[in-house]
There are 6 protein chains.
Amino acid sequence: MPVVNIQITRDGATAAQKSAVIAGVTDVLVKVLNKDPATTFVIIQEVDTDDWGHAGKSVTQLRADAEGKR
Amino acid sequence: MPVVNIQITRDGATAAQKSAVIAGVTDVLVKVLNKDPATTFVIIQEVDTDDWGHAGKSVTQLRADAEGKR
Amino acid sequence: MPVVNIQITRDGATAAQKSAVIAGVTDVLVKVLNKDPATTFVIIQEVDTDDWGHAGKSVTQLRADAEGKR
Amino acid sequence: MPVVNIQITRDGATAAQKSAVIAGVTDVLVKVLNKDPATTFVIIQEVDTDDWGHAGKSVTQLRADAEGKR
Amino acid sequence: MPVVNIQITRDGATAAQKSAVIAGVTDVLVKVLNKDPATTFVIIQEVDTDDWGHAGKSVTQLRADAEGKR
Amino acid sequence: MPVVNIQITRDGATAAQKSAVIAGVTDVLVKVLNKDPATTFVIIQEVDTDDWGHAGKSVTQLRADAEGKR
């Protein structure tokens, strides 16, 4: 009975993509660990780029920096 | 000093219901484990049905499937 | 289909106490939010006192300080 | 840059199985959401059966009940 | 490669403040634990005051009670 | 009243280092967001290198690969 929490930046993932992630991740747990899909939960959390930090900066900042360098 | 994170699907839980969950869960920890309520946090996260997967499908899909079967 | 994660300091909670926490918290979600217990998970994580900080100090330190003051 | 936290009951998953879960889940995120594997983390947490509740009972209890019914 | 999840009540933290939190927390992990900032993630989750419980009441309630006592 | 969860690989962090992380992270939240340290929790979770995946491989594998290349 696994619980999977997936955190991604909010970048316009569609409902279809989320469904594909849910199906794919569940499939991995069923095939590799023989888990029962009926008790497998996958929860996706989208995080605003202001709220996600990487290398000491927010993703918002990192993308603005990358824009500025072009 | 417990921290409780509760993830539920976003289905219209009211502020009064959330308060009852907070009161009830805190009470369990105080009574069973003798925890101090002053350092007990309960955090509720509502998750969109597109973002919650069960049995390899999103809850949105599962509910649409259940509708279709009626 | 709620998922509840409970973090507590590792202080010798027994299996019987953990079972009572699981039963009690599940009961709150069933009664207040009408959730189905069959898809309600409660996960307890015990955290060493070296790994839990409160007010800028580890719980190990806080307890040693409290001992020292007696 | 996704972060995936996977909680499973502690049931003897091997290092090879864990590696297969990590590879498989990362692959899903790369293929479906075009994520960069270099910034994709997958963290597996094994949870003792005393600490995992389902339907108001610990998994330890549920398994003992199932044994008793045989 | 640390992952830091920070939960705070939603109280109007600005993007600049969030950036300062990300920078400061990353700096602590780099200086104290010698972690590589390139693989350090900091994720901030703002939680509505209805959804955050303390001492058995939601923060919304606690603040209303405090208002009433003035 | 922030709650901070820090996940790091299990690499021998000492109790003194953990205390320094707790003090440093709490300080950031107090200074930047004016949070009350008395209701600030910092929880450190050490994760075995078999259980932490990066770029589709466990950290155990990544380190063995890096050893092999020397």
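Looking at an unreviewed UniProt entry, one finds chain A named Tautomerase, with Iodobacter fluviatilis as its source organism. Per UniProt, the comment on chain A under Sequence similarities (unreviewed entry) is "Belongs to the 4-oxalocrotonate tautomerase family."

Would you explain the packing of aromatic side chains in this entry?
Two descriptors summarise a pair of aromatic rings, namely the distance from one centre to the other and the angle between the planes of the rings. A complete count under the given rule lists 9 aromatic pairs over all chains for this structure. With centroids separated by 5.8 Å and ring planes inclined at 65°, the aromatic side chains of W52 of chain C and F41 of chain F adopt a geometry described as edge-to-face. Of this pair, W52 of chain C sits in strand β3 (residues 52-54) while F41 of chain F sits in strand β2 (residues 41-47), on two different chains. Classification of W52 of chain C by relative accessible area gives buried; the value is 0%. Among the aromatic side chains, those forming a connected cluster through ring pairs are F41 of chain A, W52 of chain B, F41 of chain C together with W52 of chain D.

Got a minute to help me understand the relation of the copies chain D and chain F in this structure?
Each of the two chain copies can be generated from the other by rotation about an axis followed by a shift along it. With an RMSD of 0.0 Å, the operation that places chain D on chain F is a rotation of 120° combined with a shift of 0.0 Å along the axis. The relationship between the two copies is best expressed as a three-fold rotation axis. Closest approach to the rotation axis within chain D is made by the C-alpha atom of Q45 of chain D, at a distance of 5.8 Å. Taken together, the interface assignments show that only 7% of the residues at the interface of chain D recur at the interface of chain F, consistent with different surfaces on the two copies.

Mind showing me how you'd approach the UniProt feature "active site" (unreviewed entry) in chain A here?
Under the UniProt annotation, "active site" (unreviewed entry) lies at P2 of chain A. In this structure, P2 of chain A sits in the segment before β1 (3-9). What makes P2 of chain A buried here is its relative accessible area of 0%. Here P2 of chain A is in contact with L29, K35, T39, T40 and F41 of chain A, F41 of chain C together with Q7, I8 and W52 of chain D, once residues within four sequence places are set aside.

Looking at this structure, I do not really get the relation of the copies chain D and chain A. What am I missing?
Of the transformation placing chain D onto chain A, the axial shift is 0.0 Å and the rotation is 180°, giving an RMSD of 0.0 Å. Both copies of the chain, as the preceding transformation shows, are related through a two-fold rotation axis. The residues that chain D uses at the interface reappear at the interface of chain A in 100% of cases, marking a shared surface.

What counts, and where the lines are drawn
Residues numbered from 1 in each chain as written. Chains lettered and ligands numbered in written order. Predicted model: local features only at pLDDT ≥ 70, side-chain atom pairs only at ≥ 80, totals over all residues. Heavy atoms only, no water. UniProt positions renumbered as here; feature names shortened; annotations may be inferred. Phe/Tyr/Trp six-rings, centres within 6.5 Å; stacked < 30°, edge-to-face > 60°. Helix = DSSP H or I, 4+ residues; strand = E, 2+ residues; numbered from the N terminus. Buried < 20%, exposed > 50% of the residue type's maximum accessible area, 1.4 Å probe, protein only. Least-squares fit on C-alpha atoms with pLDDT ≥ 70 in both. Contact = heavy atoms within 4.5 Å.

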